[in-house]
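The chain contents come next:
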Amino acid sequence: LKVVVLAQARVITRAQQALYLGHCTLSIAPVPFLLLTILLGMRDGLKFLIHVLISQVIYLRRFENLRCLNVAGNPFTEENYKPYVVSHLPKLTYLDFRLVSQQMREEAIIQYQDAIDALEHNERDEKKKIEAQRMHQEEEKILREAFVDGLKNGVLFEELFAEDVDGFNLNQLPLMDEAFEGYKEKMTKVCNELVEFGIKEQEIRARETGLFEEAVNKAKQADKEMGVQRVNKFLEYKKEVLNEIVQLGDPRMVENKVQDLHEELSTLWDVLMGYELQLAEQLEDVIKDFERALADMISNFTESAQNYFTQCRELELLHHEKLTETALLIMEKVLKSELEEELPEDLRIMFVDKDTITNAVNASHDVHNQRIDNKEDDILTRINNMKEGYTSDLYNAEIQRNRNRIAEINHFLENTKDEIDEHLDR
């Protein structure tokens, strides 16, 4: 009484590695297995093995470049497996090193037509889900970069009532349906306007940042080209002088040539340091200008965002006043037993007296204001942190670049001096 349990993860991993690297031929080695005791006959266990192994062929459909497949020696090849493999891998050209004929393919497809139709239907659905998920992730990324995530299409409105069960129940009171839907519609509209505005502002920031970084890179490249030009000119001069020194026999003339070479090297150091000083001053001014521009852009966004959140709070206040009015009106009818509709249990327990219902309505209002305030604080904090972090990284990167460049110039100077001395010693 035994059944085979597959250990197949390793095989599929090899398949992935081969096909992702662009190979179109795959050989699956026989899979090792474990034997476990179970209430199945050996024949039934073998059928289970065949079903599981063959079903793994479906996994290979995702490798669109697979043209050759070798499964020789696998347990499921003991039965008529080829029609199943050929029908489920329609682009397969060779199976077990034999050409798949058109007749064999057509017969295999007819044999498994129903299964293939169902499989393709499921694959189309899965692709749609994956594409929808990808688009959702891209949209969320755009919203996060624009600092307006958690706002679009009523997300903030839903968060207001996410943990405010009593508030949501109160909005199910008679006469509140229209007011509640109107509140939701207006709040969603304001949030969507903020989202649209935020995305446009992000596009402006991204464009300005791109222009700034392009200007910085051009300045660095121009400085590099000037430095390389001067260094190459010096290296040519050094080569000529050293060649001349070899041919000179007068020590005084050699000493003069060496002195001229050291003076030229000192001049090169002054020039390179001058280039670096000029570049550092330029970059410092450019970074400061961009920092001010970025601050203005952030300020424009934050001021507008605050205005939108003020509108949200005003809508919440108007709705709160409407809910309070309606709740007190129903409270009077409850006390006078004039209420035409029976209230649900979760609402009836709040209509004990005027203070109880007023406290419940006010508590809901406080929760909503807190949610709006928290969202506003989150957005403003994150965008200001982005500004501070980005500008801080700019300054730190420039300081490090300047230090590295100065060290590079000094290192070149010392190495060149050593090279000249070494050449003279020879």
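Anything mentioned here points back to the structure above.
Residues numbered from 1 in each chain as written. Predicted model: local features only at pLDDT ≥ 70, side-chain atom pairs only at ≥ 80, totals over all residues. Heavy atoms only, no water.

**Student:** Give a description of the overall build of the protein chain that names residues and reports values.
**Tutor:** Along the protein chain, the regular secondary structure elements total eleven helices and six strands. In the protein chain, which comprises 426 residues, the proportion classed as buried is 35%. Sequence separation of at least 24 residues holds for 81% of the intrachain contacts in the protein chain that already meet a minimum separation of 6. When the accessible area of the protein chain is evaluated, it comes to approximately 26,200 Å², of which 52% is carbon and sulfur surface. (Helix = DSSP H or I, 4+ residues; strand = E, 2+ residues; numbered from the N terminus. Buried < 20%, exposed > 50% of the residue type's maximum accessible area, 1.4 Å probe, protein only. Contact = heavy atoms within 4.5 Å. Areas by Shrake-Rupley, 256 points an atom, 1.4 Å probe, with all protein chains shown as cover.)

**Student:** Describe the pattern of salt bridges, naming the residues involved and giving the relevant values.
**Tutor:** According to the stated counting rule, one finds 23 salt bridges in the structure shown. Measuring nitrogen to oxygen at the nearest pair gives 2.7 Å for the salt bridge that ties E276 to R401. Of the two residues, E276 is situated in helix α9 (residues 251-335) and R401 in helix α11 (residues 354-425); the sequence distance between them amounts to 125 residues. Judged on exposure class, the residue E276 and its partner R401 are both buried. For E342, the salt bridge identified is with R348, shortest N-O distance 3.3 Å. According to the relative accessible area criterion, R348 is partly exposed, its value standing at 35%. Through salt bridges that share partners, E131, R134 and E138 make up one connected network. (Salt bridge = Lys/Arg side-chain N within 4 Å of Asp/Glu carboxyl O.)

**Student:** Which residues make up unusual backbone geometry, and what values go with them?
**Tutor:** For F97, which is not glycine, the phi torsion reads 65° and is therefore positive. Along the chain, F97 falls in the loop between β5 (94-95) and β6 (98-99). The exposed category is assigned to F97, whose relative accessible area is 64%. With a phi close to 60°, F147 is a non-glycine residue in the positive phi region. Relative to the helices and strands, F147 is located in the loop between α5 (113-145) and α6 (155-160).

**Student:** A description of empty space enclosed by the protein should follow, citing residues and the corresponding values.
**Tutor:** What the rule picks out here adds up to two cavities of 30 Å³ or more. Looking at the second largest cavity, its volume works out to about 40 Å³. Around the second largest cavity, the lining residues are N171, E316, H319, H320, L323, V361, S364, H365 and H368. When contributions to the lining of the second largest cavity are tallied by element, the ones reaching two or more residues are α9 and α11. Of the residues that constitute the lining of the second largest cavity, the class distribution is two nonpolar, six polar and one charged. (1 Å grid on protein atoms, 1.4 Å probe; cavity = no way out; pocket = protein on both sides within 12 Å on 5 of 7 lines; lining within 4 Å. Points joined across faces, edges and corners; volume = space filled by probe spheres on them. Nonpolar A, V, L, I, M, F, W, Y, C, P; charged D, E, K, R; others polar.)

**Student:** With reference to specific residues and values, describe the layout of surface pockets.
**Tutor:** Its volume calculated, the largest pocket comes out at about 540 Å³. Forming the walls of the largest pocket are 18 residues, and the residues nearest its centre are R61, R62, F63, E123 and K127. Ranked by residues supplied to the lining of the largest pocket, first place goes to α5 with five residues. The residue inventory of the lining of the largest pocket, partitioned by class, reads ten nonpolar, one polar and seven charged.

**Student:** If you had to explain the environment of L99 to someone new, which residues and values would you point to?
**Tutor:** By secondary structure assignment, the location of L99 is in strand β6. The exposure class of L99 is exposed, given its relative accessible area of 58%. A C-alpha to C-alpha distance of 9.1 Å links L99 and C68, two positions 31 residues apart in sequence.

**Student:** Any chance you could break down a negative patch on the surface for me, citing the residues and the numbers?
**Tutor:** On the surface, D177, E178, E181 and E185 cluster together into a negatively charged patch. Checked against the element boundaries, E185 lands in helix α8 (residues 177-247). Under the relative-accessibility criterion, E185 is labelled exposed at 60%. (Patch = residues over 30% accessible without salt bridge, like charges linked within 9 Å, V, L, I, M, F, W, Y side chains within 5 Å. Lys, Arg positive; Asp, Glu negative; His and termini not counted. Charge placed at Lys NZ, Arg CZ, Asp CG, Glu CD.)

**Student:** I'd love a proper account of the side chain of H88, names of residues and values included.
**Tutor:** Within the secondary structure, H88 is located in helix α3 (residues 82-88). H88 has contacts with V57, I58, R61, Y112, A115, I116 and L119, leaving out every residue within four places of it along the chain.

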